[in-house]
Amino acid sequence: QVQLVESGGGLVQPGGSLRLSCAASGRIVSINDMGWYRQAAGKQRELVARMSTGDNTNYAESVKGRFTISRDDAKNMVYLQMNSLKAEDTAVYYCNAEFVISMDGATWHGWGQGTQVTVSS
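Summarised in this report is the structure supplied together with it.

Rules and cut-offs
Residues numbered from 1 in each chain as written. Predicted model: local features only at pLDDT ≥ 70, side-chain atom pairs only at ≥ 80, totals over all residues. Heavy atoms only, no water. Helix = DSSP H or I, 4+ residues; strand = E, 2+ residues; numbered from the N terminus. Rg over C-alpha atoms; globule rule 2.2 N^0.38 Å. Buried < 20%, exposed > 50% of the residue type's maximum accessible area, 1.4 Å probe, protein only. Contact = heavy atoms within 4.5 Å. Areas by Shrake-Rupley, 256 points an atom, 1.4 Å probe, with all protein chains shown as cover. Core = buried A, V, L, I, M, F, W, Y, C linked by side-chain atoms within 4.5 Å. Pairing = 2+ DSSP bridges. Axes fitted to C-alpha atoms, helices over the stretch in contact; angles between N-to-C directions. Polar contact = N/O pair within 3.5 Å; in protein donor to acceptor, adjacent residues only side chain to side chain. Disulfide = S-S within 2.5 Å.

1. Thoughts on the overall build of the protein chain
Part 1: A tally of regular secondary structure across the protein chain gives zero helices and 11 strands.
Part 2: Traced from its N-terminal end to its C-terminal end, the protein chain shows the element sequence β-β-β-β-β-β-β-β-β-β-β.
Part 3: Here the protein chain has a C-alpha radius of gyration of 14 Å; the compact-globule value for 121 residues is 14 Å, and the two agree.
Part 4: Oriented by its inertia axes, the alpha-carbon framework of the protein chain measures out at about 50 × 25 × 25 Å.
Part 5: Going through the 121 residues of the protein chain one by one, you find that 43% of them count as buried.
Part 6: Contacts spanning at least 24 positions in sequence make up 57% of the contacts within the protein chain whose residues lie at least 6 apart.
Part 7: Per element, the accessible surface of the protein chain, about 6300 Å² overall, is 46% carbon and sulfur.

2. Focus: the nonpolar core
Part 1: Among the nonpolar cores identified, the biggest contains 30 residues, and Leu-4, Met-34, Trp-36, Leu-80, Met-82, Tyr-93 and Phe-99 are the most heavily contacted of them.
Part 2: At the level of elements, strand S3 (18-25), strand S4 (30-39), strand S5 (46-52), strand S7 (67-72), strand S8 (77-82), strand S9 (91-100) and strand S11 (115-119) are the ones that each hand at least two residues to this core.
Part 3: No other element matches S9, which puts five residues into this core.

3. Looking at the sheet that holds S8
Part 1: One open sheet accounts for four strands, arranged S1-S3-S8-S7; its pairing is antiparallel. Of all the strands in the sheet, the pair left with one neighbour each is strand S1 (3-7) and S7. The mean inter-strand angle of the sheet, taken between neighbouring strand axes irrespective of direction, is 15 degrees.
Part 2: Relative to S8, S7 runs antiparallel, the two sharing six bridges. When the bridges of S8 are listed, Phe-67 appears paired with Met-82.

4. Overview of the environment of Arg-50
Part 1: With respect to the secondary-structure elements, Arg-50 resides in strand S5.
Part 2: Taking the C-alpha atoms as reference points, Arg-50 and Val-119, 69 residues apart in sequence, are found 22 Å from one another.
Part 3: Excluding residues within four positions of it along the chain, Arg-50 makes contact with Asp-33, Met-34, Gly-35, Tyr-37, Asn-56, Thr-57, Asn-58, Ile-69, Asn-96, Ala-97 and His-109.
Part 4: At 2.3 Å, the side chain of Arg-50 forms a polar contact with the side chain of Asp-33.
Part 5: A polar side-chain atom of Arg-50 sits 2.7 Å from a polar atom in the side chain of Asn-96.

5. A word on the state of the cysteines
Should the sulfur atoms of two cysteines be covalently bonded, the bond is a disulfide.
Part 1: Going through the model one piece at a time under the given rule, you end up with one disulfide.
Part 2: The residue that forms a disulfide with Cys-22 is Cys-95, at a sulfur-sulfur distance of 2.1 Å. Because the sign of the S-S torsion sets the handedness, a value of about -80 degrees for the bond joining Cys-22 and Cys-95 places this disulfide among the left-handed ones. Of this pair, Cys-22 sits in strand S3 while Cys-95 sits in strand S9, and the two are 73 residues apart along the sequence. Per residue, the accessibility class of Cys-22 equals that of Cys-95, and both read buried.

Structure (structure tokens):
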């Protein structure tokens, strides 16, 4: 059974920074991709940043230049460094990942439980 656990959310003032972490546990052979999504109150869940095989990354336009995604494949972890935070970044942030979980190529795709980020003065 694979699990994703996020941490690092909290309350921060506008202009501040936070670093989110997502740790994956379970039988993982390799990582296809890991990333972050967010869902603000009353809105649909949206992609924030994603890193796939070959270190290909993509970011939402609204976070480019402010957020940076990184991965530590040896630890099965993904991080999101968020700088210059704005009130509109307030949301629940979810880790999402796809892993190869067996030598025959079977994959697992799932979500973490989410971590709240609130940007407010």
